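What follows is each chain in one-letter form.
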Amino acid sequence: MTAASDPHAERRRRWRDFLDLRLPPRSLFLVDVQGAPERPFPFPENRRARIDWALSAHERSLSIAEWLADDRVPCLPVYTGTEIFAEAFGCRVHRPADNMPFALPLVADAREAAALKRPGLDARPLAELFGIADELVERAGKDAVLQIPDMQSPLDVAALIWEKGDFYMALVDEPETVLGLCAKILSLQTEFFDVWFGRYGHAYAAHYPSYYMEGGLTVSEDEVGAVDRAMFEKFALPDLTALSDHFGGLGMHCCANARHQWEGFQRIPNLRLLNLVQPNDVLDDAHRAFAGATCQYHNWTGRGEPWTWPAQTPAGARIVFEAPAVDREEALRIAEGFARALGR
């Protein structure tokens, strides 16, 4: 697709520029128009429903983009729970009737963890994701933007595979075994996304929150909330660095109480965007702490009317603002307010 034929070329350009700290714009905004149908849970028996829902959600997003001038790039949601890489290693998965699936521990101690073999991309949950993505691209067109599957960090996946109580003891008593398991997970994830980007391209939407990227990788890192700074440096930072170096940058989500790791987050090379899910006062501090260091897209970005939020952020902070709208009229009003505030 050429820029001339891409109706979302300007939105993509704004994201590319935003994620480059050397360039304007300083802020982007998204309006979440309420009313989308609930998505089916990502269970094996819902494969057809998941595909149909993703196509419908994509069409809805394309339709909204025709009349709403925000910065959202429509995408095809290839959504999952946190379980996919742990399941590939052999974890059983609990699928509650009314919630997302999650992996159950596979190993109970260091001996069992050390014996685990690294699976291949033919593991059922991974092969299934490629099958879903292939059909979505075939039906929506090869130029459609895919949302990547949920990508938990190697440390987070290790904590799913290994019974939690023993896992935390092993961080102290069996660190080399923990690092060995993380290395197997990192190897699998790197191969998976090398193939994914080779097959579907390097323009994609993050798994959470759904923001547009070209190149790099997006990841969730939550276990670091439960460990100290030294453990972050030993068990998390090397793999995050490896992923960033390999893929050309990193976007990262963290919903843990991990304020003590903020200095460590800033040491991740080429951290292109950070998403924190925390109380409002903590995010006020985050806006200041990460201003000038990385782009930010948190679960809260200001008080009062949405279009007043940009004026509340500190100088040098690059923020994605997202506001809900109940209908088209409210969405247009919010978008017009943001456009004025951002000098569009």
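Residues numbered from 1 in each chain as written. Predicted model: local features only at pLDDT ≥ 70, side-chain atom pairs only at ≥ 80, totals over all residues. Heavy atoms only, no water.

Undergrad: Please explain helix α2 (residues 47–67) as it appears in this structure.
TA: Since the α-helix turns once every 3.6 residues, residues separated by three or four places project in the same direction. With 21 residues, α2 should cover 30 Å at 1.5 Å per step; its first-to-last C-alpha distance of 31 Å lies within 8% of that length. Among all positions of α2, only Arg50, Ile51, Trp53, Ala54, Leu55, His58, Ser61, Ile64 and Ala65 are buried. Looking at the packing, one finds that the buried side of α2 touches α1 (9–18), β1 (27–33), β2 (76–77) and α5 (124–140). (Helix = DSSP H or I, 4+ residues; strand = E, 2+ residues; numbered from the N terminus. Expected span 1.5 Å × (residues − 1). Buried < 20%, exposed > 50% of the residue type's maximum accessible area, 1.4 Å probe, protein only. Contact = heavy atoms within 4.5 Å.)

Undergrad: Teacher, can you tell me more about the sheet that holds strand β12 (residues 318–325) here?
TA: Strand pairs in the sheet, formed through backbone hydrogen bonds, run parallel or antiparallel to each other. Ordered by their spatial adjacency, 6 strands build an open sheet running β1-β12-β11-β10-β9-β8, and the pairing between neighbours is parallel. Edge positions in the sheet fall to β1 and β8 (217–220), since each of these pairs with one other strand and no more. Two elements, strand β9 (residues 250–254) and strand β10 (residues 271–276), share 5 bridges in a ladder whose sense is parallel. Its bridge partner being in β10, His253 is matched across the sheet by Asn275. (Pairing = 2+ DSSP bridges.)

Undergrad: Explain helix α6 (residues 154–161) here, please?
TA: Within α6, 8 of the 8 residues are buried, which leaves it mostly tucked inside the rest of the structure. Listed in full, the buried residues belonging to α6 are Pro154, Leu155, Asp156, Val157, Ala158, Ala159, Leu160 and Ile161. Buried residues belonging to α6 abut α3 (84–88), β4 (102–103), α7 (164–173), α8 (175–200), β8 and α9 (229–247).

Undergrad: Would you explain the pairing of β1 in this entry?
TA: Within a regular strand, the side chains alternate between the two sheet faces. The buried fraction of β1 is high, at 6 of 7 residues. Pairing between β1 and β12: 7 bridges, direction parallel. From the neighbouring strand, Leu28 faces β12, where its bridge partner is Val320.

Undergrad: Can you help me understand the packing of aromatic side chains in this one?
TA: The geometry of two aromatic rings is summed up by the distance between their centres and the angle between their planes. Across all of its chains, the model carries 23 aromatic pairs by this definition. Seen in terms of ring centroids, Phe192 and Trp196 are 5.7 Å apart; in terms of plane orientation they differ by 25°. Their pairing is stacked. Within this pair, Phe192 and its partner Trp196 are both found in helix α8, separated by 4 residues, close to a single helical turn. Phe192 sits in the buried class, given a relative accessible area of 0%. By relative accessible area, Trp196 is classed as buried at 1%. Here Phe197 and Phe247 contribute two aromatic rings whose centre-to-centre distance is 5.9 Å and whose plane-to-plane angle is 75°, an arrangement assigned as edge-to-face. Separated by 50 residues along the polypeptide, Phe197 in helix α8 and Phe247 in helix α9 bring together distant segments of the chain. (Phe/Tyr/Trp six-rings, centres within 6.5 Å; stacked < 30°, edge-to-face > 60°.)

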